[in-house]
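The lines below spell out each chain.
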Amino acid sequence: MRKEEIHKLVEILKEEFPKWKAPIVSLLAYKTKSPFCTLVCALLSTRTRDETTAQVCEKFTQKVKSPQDILNMPLEELERLIYPVGFYRNKARQLKELARQLIDNYSGKVPDSLEELLKLKGVGRKVANLVLAEGYQRPAICVDTHVHRISNRLGIVKTKDPYQTEIELMKVLPVEYWRDFNKLLVAFGQTICKPTKPKCEECPVRDLCEYYKSKSL
Ligand code: SF4
């Protein structure tokens, strides 16, 4: 996809975006303005429905403001607090280890570099980039399954996995779009460009889409 087409694509999606719902972790990051809450909510949201994540994170962020709060909380209480998100035993243990790591190695602060974030317990590139983009408002592209799938369908990249997609997107996507790209494509992927049966006939960017063009041939 050419540079002008990428600009056009993002601008169309931005125009459409207010109609759609921002991902829950982005909303919470915006509300709390805290990299710590962004990190914890991103981890809690793994394999969990948005509504459940929202309810649990709302309660969690009222009670827990720092890694020390997690360490001070008895494991059973922590498990009860996050129980609805599922896998609560693993996630509670993971939070305890994460809190210990943050206190021991980072003076209780969430690091603000990709390299250091990736050293944290249970943190992969997706969560690390989300923390940078939403928690620290730094340019970073959080590539989840929506971003990977749609970037390939549109023809912005031709990649096999989210890591390759992240690297290729950083080469072609103007930096000013990096932070919002995940939000736009998650909303777009949940409503129009779904994993199966994308709603191409309703799609506002179909004229730019390689997949659509190849289907119409
Ligand atoms: Fe997705 Fe279809 Fe739109 Fe292409 S035209 S971006 S495949 S919904």
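Residues numbered from 1 in each chain as written. Predicted model: local features only at pLDDT ≥ 70, side-chain atom pairs only at ≥ 80, totals over all residues. Heavy atoms only, no water.

Looking at an unreviewed UniProt entry, one finds the chain named Endonuclease III, with Thermocrinis minervae as its source organism. Taken from UniProt, the Sequence similarities (unreviewed entry) comment for the chain reads in full: "Belongs to the Nth/MutY family." (UniProt positions renumbered as here; feature names shortened; annotations may be inferred.)

(A) A look at the overall build of the chain. Each helix and strand counted, the chain has 13 helices and 0 strands in total. Along the chain, from the amino end to the carboxyl end, the secondary structure elements read α-α-α-α-α-α-α-α-α-α-α-α-α. Viewed in the frame of its principal axes, the chain has a C-alpha envelope of about 60 × 30 × 30 Å. When the 217 residues of the chain are sorted by exposure, 50% land in the buried category. Considering only contacts in the chain between residues 6 or more positions apart, those separated by 24 or more positions represent 59%. Charged side chains of the chain number 38 positive and 28 negative; the gap between the two group centres comes to 4 Å. (Helix = DSSP H or I, 4+ residues; strand = E, 2+ residues; numbered from the N terminus. Buried < 20%, exposed > 50% of the residue type's maximum accessible area, 1.4 Å probe, protein only. Contact = heavy atoms within 4.5 Å. Lys, Arg positive; Asp, Glu negative; His and termini not counted. Charge placed at Lys NZ, Arg CZ, Asp CG, Glu CD.)

(B) Representation of the site of the ligand. Around the ligand, the structure places Arg153, Leu154, Phe188, Ile192, Cys193, Pro198, Cys200, Cys203, Arg206, Cys209, Tyr211 and Tyr212. For the shell around the ligand, the elements supplying multiple residues, two or more each, are α10 (145-154) and α13 (210-216). Counted by class, the shell around the ligand contains 10 nonpolar, no polar and 2 charged residues. (Near = heavy atom within 4 Å. Nonpolar A, V, L, I, M, F, W, Y, C, P; charged D, E, K, R; others polar.)

(C) Structural context of the side chain of Thr165. Looking at the element boundaries, Thr165 is found in helix α11 (residues 162-172). Residue classification places Thr165 among the buried residues on the basis of a relative accessible area of 0%. A polar atom in the side chain of Thr165 sits 2.6 Å from the side chain of His148. If we ignore the near neighbours within four places in the chain, the residues touching Thr165 are Val143, Val147, His148, Ser151, Asn152, Val157 and Thr159. (Polar contact = N/O pair within 3.5 Å; in protein donor to acceptor, adjacent residues only side chain to side chain.)

(D) Focus on the side chain of Asn182. Along the chain, Asn182 falls in helix α12 (residues 178-191). A relative accessible area of 7% means that Asn182 is categorised as buried. One polar contact links the side chain of Asn182 to the main-chain carbonyl oxygen of Cys142, over a distance of 2.9 Å.

(E) Seen up close, the domain arrangement of the chain. Along its sequence, the chain is carved into domain 1 (3-22 + 141-216) and domain 2 (24-135). Computed over C-alpha atoms only, the centres of domain 1 and domain 2 are separated by 27 Å. (Domains from an automatic or database assignment.)

(F) Focus on the packing of aromatic side chains. Tallied over the full model, the rule gives 1 aromatic pair. Here the basic side chain of Arg47 rests over the ring of Phe87, its NZ or CZ set 4.1 Å away from the ring centre. A cation over an aromatic ring shows up here: Arg153 above the ring of Tyr211, its NZ or CZ 5.7 Å from the ring centre. (Phe/Tyr/Trp six-rings, centres within 6.5 Å; stacked < 30°, edge-to-face > 60°. Lys NZ or Arg CZ within 6 Å of the ring centre and 35° of its normal.)

(G) Fine view of the nonpolar core. Ranked by internal contacts, the top residues of the largest apolar core, which has 37 residues, are Leu39, Leu44, Phe60 and Ile70. If sequence neighbours within four positions are ignored, Ile70 has contacts with Phe36, Val40, Phe60, Val64, Leu78, Leu95, Lys96 and Ala99. In this structure, Leu13, Leu169, Phe181 and Cys203 belong to the second largest nonpolar core, which totals 27 residues. (Core = buried A, V, L, I, M, F, W, Y, C linked by side-chain atoms within 4.5 Å.)

(H) Seen up close, the UniProt feature "binding site: [4Fe-4S] cluster" (unreviewed entry) in the chain. Sites flagged by UniProt as "binding site: [4Fe-4S] cluster" (unreviewed entry) map to Cys193, Cys200, Cys203 and Cys209. Of the residues just listed, which span 17 residues, no C-alpha pair is farther apart than 10.9 Å, and they cluster in one region. Look at Cys193 and you get buried, because its relative accessible area is 10%. The contacts of Cys193, once residues within four sequence positions are left out, are Arg149, Ile150, Arg153, Phe188 and Pro198.

(I) Representation of the environment of Leu169 within the structure. Tracing the backbone shows Leu169 in helix α11. Linking Leu169 and Val157, residues 12 residues apart in sequence, is a C-alpha distance of 7.0 Å. For Leu169, the contacting residues outside a window of four places in its chain are Ile141, Val143, Val147, Ser151, Ile156, Val157, Trp178 and Phe181.

(J) Quick look at the pattern of salt bridges. Summed over the entire model, instances satisfying the criterion amount to 14 salt bridges. Between Asp104 and Arg100 there is a salt bridge; the shortest N-O distance is 3.0 Å. With Asp104 and Arg100 both in helix α7 (residues 88-106) and 4 residues apart, this pair spans about one turn of that helix. (Salt bridge = Lys/Arg side-chain N within 4 Å of Asp/Glu carboxyl O.)

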